[in-house]
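# Reading the structure
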Amino acid sequence: MIAAQAIHFVTRQQINTKLWDACINASANGLIYATSTYLDLMCNSQWCALVNNDYLTVMPLPYRKKYGINYIYQPAMTQQSGIFSIHEITPDIVDAFIKKIPSNFWYIETNLNAANSISAYPTVTRTNYLLNITKPYTALRGDYHRSAKRNIQKAIELGVEVKTTISPTDIIAMHRQRFNDTIGAKNSDYVQFEQLATQLIKDGKCFTIGAFNAQQQLIAGSIYWIFKNRITFILNGNLPESLACGATHLLKDKVIEQFSGGHYWLDFEGSDFPQFARFYEQFGNTEIEYYQSLIINKLPWPLKLFKH
């Protein structure tokens, strides 16, 4: 148990970046979303944090200000946040950290991570799909559903070619064209995300992969994070043609083949949408990881009603 007096609020300028990233890297539940690079680029360095005395347990707090009201939010392209620690995280520790969030944050909306359990506050449980790819590729391929194998074979027969080191710009453009910015991200989010992907590629923590048709046109592409033992599927872009020719299945198969037999889990990054879940489940014995979405609304009436 961490004593409440050992938890301190710090601004971004006060954070020891070296100790912060060391904590995230050493934590059993450490995720790339909590690294300083990720937070700096996706939040424009507008984040603060709670840390204990020795940076062995930390909690990032991305924040904004609107109409004079400070609030904590979940940044775009950031599935999980919450408390990270090199020690076991008990519900008492989660509760202690949440209670230490400064009172001047009138509204709190954040996703905790799968290692954070909480019962003192109302939450919504969300799902994340994971696939253990430590087995050899042939064994993993044998667990594919027939529909996945059929689509992969179709793509091969139609001459779909897979290439790596695709420009993140091209993949993001296809993604935005397909979803028409209806998934909750704004133009500024995509600008920041492109900067992040570019930086993480330089750092060896991101890779891109794309599928080209017989005319050498890019018809599908994906961006993945690499951090600790996770290969995280963060963003996909594709043209309608890719769905008809099995290109999206072929891309996923190539990633599984590339990283199979090592120490990785493939993190599908969701989803609560049944159609996406069905797609992920075609690639074998996926496991579901649960995490909680927390909302604390201390806004005065009538503003409270607008954020119910």
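Computed from a predicted model, the values in this text were never measured in an experiment.

Attention now moves to the pairing of strand β4 (residues 69-72). Every regular strand shows the same layout, with side chains that alternate between the two sheet faces. Of the two faces of β4, the one lined by I69 and Y71 and the one lined by N70 and I72 are each fully buried. Bridge analysis of strand β3 (residues 57-66) against β4 gives 4 bridges, and the strand direction is antiparallel. Bridge pairing links R64 to Y71 in β4. Where β4 and strand β6 (residues 105-111) come together, 3 bridges link them in parallel fashion.

Burial in helix α10 (residues 274-281) covers these residues: A277, F279 and Y280. All buried residues of α10 fall inside an arc of 160 degrees around its axis, so they share one side. Facing away from the buried side of α10 by more than 90 degrees, the exposed set consists of P274 and R278. Taken together, the buried residues of α10 touch β7 (123-132), β11 (230-238) and α9 (247-259).

Roughly 230 Å³ of volume is contained in the second largest pocket. In this structure, the second largest pocket is lined by 17 residues; those nearest its centre are A28, N29, G30, L31 and R230. For the lining of the second largest pocket, the elements supplying multiple residues, two or more each, are β10 (218-227) and β11. Class assignment for the residues of the lining of the second largest pocket results in 8 nonpolar, 6 polar and 3 charged.

With that out of the way, let us pick up the side chain of N52. For N52, the position within the fold is in strand β2 (residues 47-52). A distance of 2.9 Å separates a polar atom in the side chain of N52 from the backbone nitrogen of L56. Setting aside anything within four residues of it in sequence, one finds N52 in contact with I2, A6, I7 and T57.

Attention now goes to unusual backbone geometry. Of note, the phi angle at Y67 is positive, near 55 degrees, even though the residue is not glycine. Positive phi outside glycine occurs at M77, with the angle close to 60 degrees. Among the structural elements, M77 can be located in the loop between β4 and β5 (84-85). M77 gets classed as buried once you look at its relative accessible area, which sits at 14%.

This brings us to the packing of helix α5 (residues 146-157) against α9. Contact geometry for α5 and α9: axes closest at 8 Å, N-to-C directions at 100 degrees. With respect to their mutual orientation, α5 and α9 come out roughly perpendicular. Side by side, α5 and α9 meet where A148, N151, I152, A155 and I156 of the first sit next to A247, H249, L250 and D253 of the second. Among the residues forming the contact of α5 with α9, the class breakdown is 6 nonpolar, 2 polar and 1 charged.

A few words now on helix α3 (residues 91-99). Within the span of α3, buried status applies to I93, V94, D95, A96, F97 and I98. The elements touched by buried residues of α3 are β1 (7-10), β2, β3 and β13 (287-297).

Turning our attention to the pattern of salt bridges. By the definition in use, this model includes 7 salt bridges. Note that D253 and R141 form a salt bridge whose closest N and O atoms lie 4.0 Å from each other. Residue D253 is located in helix α9, and its partner R141 is located in helix α4 (residues 137-142); the two are separated by 112 residues in the primary sequence. Using a relative accessible area of 25% as the deciding quantity, one classes R141 as partly exposed. R230 serves as the salt-bridge partner of D267, at 2.8 Å between the closest nitrogen and oxygen.

What follows covers the environment of S36. By the secondary structure assignment, S36 is in helix α2 (residues 36-42). Counting along the chain gives 24 residues from S36 to R12, while the straight-line C-alpha distance between them is 9.5 Å. Setting aside residues up to four positions removed in sequence, S36 forms contacts with R12, T17, W20, D21 and W47.

Another point: the pairing of β11. Taking burial as the measure, the 9 residues of β11 include 9 buried ones, the bulk of the element. Between β10 and β11, which pair antiparallel in sequence order, lie 2 residues; one of them, K228, sits at a positive phi of approximately 55 degrees. In the sheet, β11 pairs with strand β12 (residues 265-267) via 3 bridges, with the strands oriented parallel. By the bridge assignment for β12, R230 is matched with W265.

Criteria and thresholds
Residues numbered from 1 in each chain as written. Predicted model: local features only at pLDDT ≥ 70, side-chain atom pairs only at ≥ 80, totals over all residues. Heavy atoms only, no water. Buried < 20%, exposed > 50% of the residue type's maximum accessible area, 1.4 Å probe, protein only. Helix = DSSP H or I, 4+ residues; strand = E, 2+ residues; numbered from the N terminus. Pairing = 2+ DSSP bridges. Arc of directions from axis to C-beta. Contact = heavy atoms within 4.5 Å. 1 Å grid on protein atoms, 1.4 Å probe; cavity = no way out; pocket = protein on both sides within 12 Å on 5 of 7 lines; lining within 4 Å. Points joined across faces, edges and corners; volume = space filled by probe spheres on them. Nonpolar A, V, L, I, M, F, W, Y, C, P; charged D, E, K, R; others polar. Polar contact = N/O pair within 3.5 Å; in protein donor to acceptor, adjacent residues only side chain to side chain. Axes fitted to C-alpha atoms, helices over the stretch in contact; angles between N-to-C directions. Parallel < 35°, antiparallel > 145°, perpendicular 65-115°, else oblique. Salt bridge = Lys/Arg side-chain N within 4 Å of Asp/Glu carboxyl O.

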